[in-house]
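Per-entry structural report
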Amino acid sequence: MHRLAPLTWLLPLYAAGALAGWAFAGARMPLPWMLGPLFLTGLLYLSGKLDRKVPVITRPFGQMTVAAQVGLAFSPQAFAALLSLAPLLVGTALLTGITALTVGYLLARRSRLPLAQAVLATFPTSPVEAAVLAERHGFEPAPVVLAQTIRIALVVFSVPMAIYAIDGWPERAPVAGNGVFDPMGWTLLALIALVGARLFRLLGLSNPYFLGPLMVVAAISAFGVDLAAFPAPLMAMAQIVLGTWLGSTFRREIFVGGGRQVLTLLGNAALLLAIVSGFALGLARLAGQPWEVLVLGAAPGGVTEMALTAKYLGTDLALVTAFQLTRIVLFMPNMPWIVALVNRMEHRDPR
C-alpha cells in the first residue's frame, strides 16, 4: 500500500481523462477513450497546470490489456492468410524504413541537427529507445524525444480522423470490447498476458509489455484455442491509461524551449506520414487489399496505438498488427548499427 501511495495523485487525472473520453464518445470521435484523455492531459501539461511526470510503470497495464485483446485476432485462418501476404508485409516495412531515412536526411538539411540525430528523430520507434540511442552516440536526447512525441501524437490523432472523414462518421461510436460476461475467461487471458510480458522481459526483448502478451496470445489463438475477450469497460480503462501517459509526455519546457524547432519537427512528421500513406494507398490498389488496412499497417505510429485503432475502426486487426510487427522485427534490432553507420558516413574523411 505504501508503495502505491505516491501514485494516488493520478486518480483525479484518470477521472478527468474518463470524462474527456466520455465526451469524445458522445461526439462519436474515433478512439474516444484514448484520444479524449490524450487531448485533455496534453493541454494540462502544455499549459503548465500539471508538471508531475506520469510514471512509465503505469503504461504496461494499458499495453498488456490491448496486446492480449489484439492477439485474439490471430485465428488459424488469419495466421494462414498472413503467411500468404509475407512479401507485402516485408515490402511495406522496407518502404516505410527507406522513407523514414529519406525524410530524416531532409530534416538534417532543414535544421541544425546531425544526420544520425535527425534519423533518430524521424524513424518510427519508441521515444525511449530513440532517446537511449541518442545519448549513446553523444546527441542531445531532447529534440529526439520531442520529435518522436509529435510523430506519435500526429499519427494517433490524424489517421483515425482521416479514415472517419473519408468513410463517413458512424451514427454511434463503436465499442472496442466484448459483451459476454466471463470473469474466469478474463482472468485466464490476463494471466497469459502477464506470463508473456514476464517472459519477454526476462529474455531482454524490446517492448516486452506489448510484444510478449501479443505473441503468446497470438500463438495460442493460432492453434485454434478460443480465449475470452476482455470486456469493454476494461478496454476503456486501458485506453485511458495509455492516453493519459502519452498526453503527459507533452512537457511544457520541451515545447516552449523548442520554438521554431517544434514547427520544423511537426512538418517533418506530417511529411513522413503523407509519403508513407501515399505508398500504402498505391500498395493497397496493387495488392487488392482495403486501403484502410494498408494505411494503418504502414502508419509510422506505435504498434499499440495502431492496433487499437484497427480494432476500434473494425478493420482487419491481425493484418494491421502484422504490418506493424514486421517493421519492428526488421528495424528495431538493427537501429543501433544503422544509426552508427549513418554517423560514421557523416563524419568520414572526404579524402
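Please refer to the structure higher up on the page.
A short tour of the structure in this document, coming up.

Description of the overall build of the protein
A count of helices and strands for the protein gives 17 helices and zero strands. In terms of overall size, the protein behaves like a compact globule, its C-alpha atoms giving a radius of gyration of 20 Å where 351 residues would be expected to give roughly 20 Å. Principal-axis analysis of the C-alpha atoms places the extent of the protein at approximately 70 × 50 × 45 Å. Across the 351 residues that make up the protein, the buried fraction comes to 51%. Residue pairs at least 24 apart in sequence account for 77% of intrachain contacts in the protein once pairs closer than 6 positions are excluded.

Describing the packing of aromatic side chains
Per the stated rule, a full pass over the model turns up three aromatic pairs. Both rings, one in Phe24 and one in Phe39, keep their centres 6.1 Å apart while their planes meet at 45°; by these two values the pair is tilted. Taken as a pair, Phe24 in helix α1 (residues 10-26) and Phe39 in helix α2 (residues 32-47) lie far apart in primary sequence, 15 residues in all. You can call Phe24 buried: its relative accessible area is 16%. For Phe39, a relative accessible area of 42% translates into the label partly exposed. Each ring, one from Phe123 and one from Phe331, has its centre 5.1 Å from the other, and the planes form 65°; the classification is edge-to-face. Placement of the pair is Phe123 in the loop between α6 (115-122) and α7 (127-136) and Phe331 in helix α16 (residues 317-331), with a sequence separation of 208 residues. With a relative accessible area of 11%, Phe331 lands in the buried category. Among the aromatic residues, those joined into a ring-pair cluster are Phe24, Phe39 and Phe157.

With respect to a nonpolar patch on the surface
On the surface, a nonpolar cluster with roughly 240 Å² of combined accessible area is contributed by Val90, Leu94 and Ile98. The residue Val90 is located in helix α5 (residues 86-110) in this model.

Some words on the nonpolar core
Counting 106 residues, the largest nonpolar core has Val66, Leu120, Val159, Phe210 and Leu294 as its most contacted members. By residue number, the principal contributor to this core is helix α8 (residues 141-167), which donates 11 residues. If near-sequence neighbours (up to four positions away) are discounted, Leu294 is found in contact with Leu88, Thr92, Ala280, Leu283, Ala284, Gln289 and Phe323.

What about unusual backbone geometry?
For Arg28, which is not a glycine, the phi torsion comes out positive at approximately 60°. Tracing the backbone through its elements, the reader meets Arg28 in the loop between α1 and α2. Given a relative accessible area of 29%, Arg28 falls into the partly exposed group.

Quick notes on the rules
Residues numbered from 1 in each chain as written. Predicted model: local features only at pLDDT ≥ 70, side-chain atom pairs only at ≥ 80, totals over all residues. Heavy atoms only, no water. Helix = DSSP H or I, 4+ residues; strand = E, 2+ residues; numbered from the N terminus. Rg over C-alpha atoms; globule rule 2.2 N^0.38 Å. Buried < 20%, exposed > 50% of the residue type's maximum accessible area, 1.4 Å probe, protein only. Contact = heavy atoms within 4.5 Å. Phe/Tyr/Trp six-rings, centres within 6.5 Å; stacked < 30°, edge-to-face > 60°. Patch = residues over 30% accessible without salt bridge, like charges linked within 9 Å, V, L, I, M, F, W, Y side chains within 5 Å. Areas by Shrake-Rupley, 256 points an atom, 1.4 Å probe, with all protein chains shown as cover. Salt bridge = Lys/Arg side-chain N within 4 Å of Asp/Glu carboxyl O. Core = buried A, V, L, I, M, F, W, Y, C linked by side-chain atoms within 4.5 Å.

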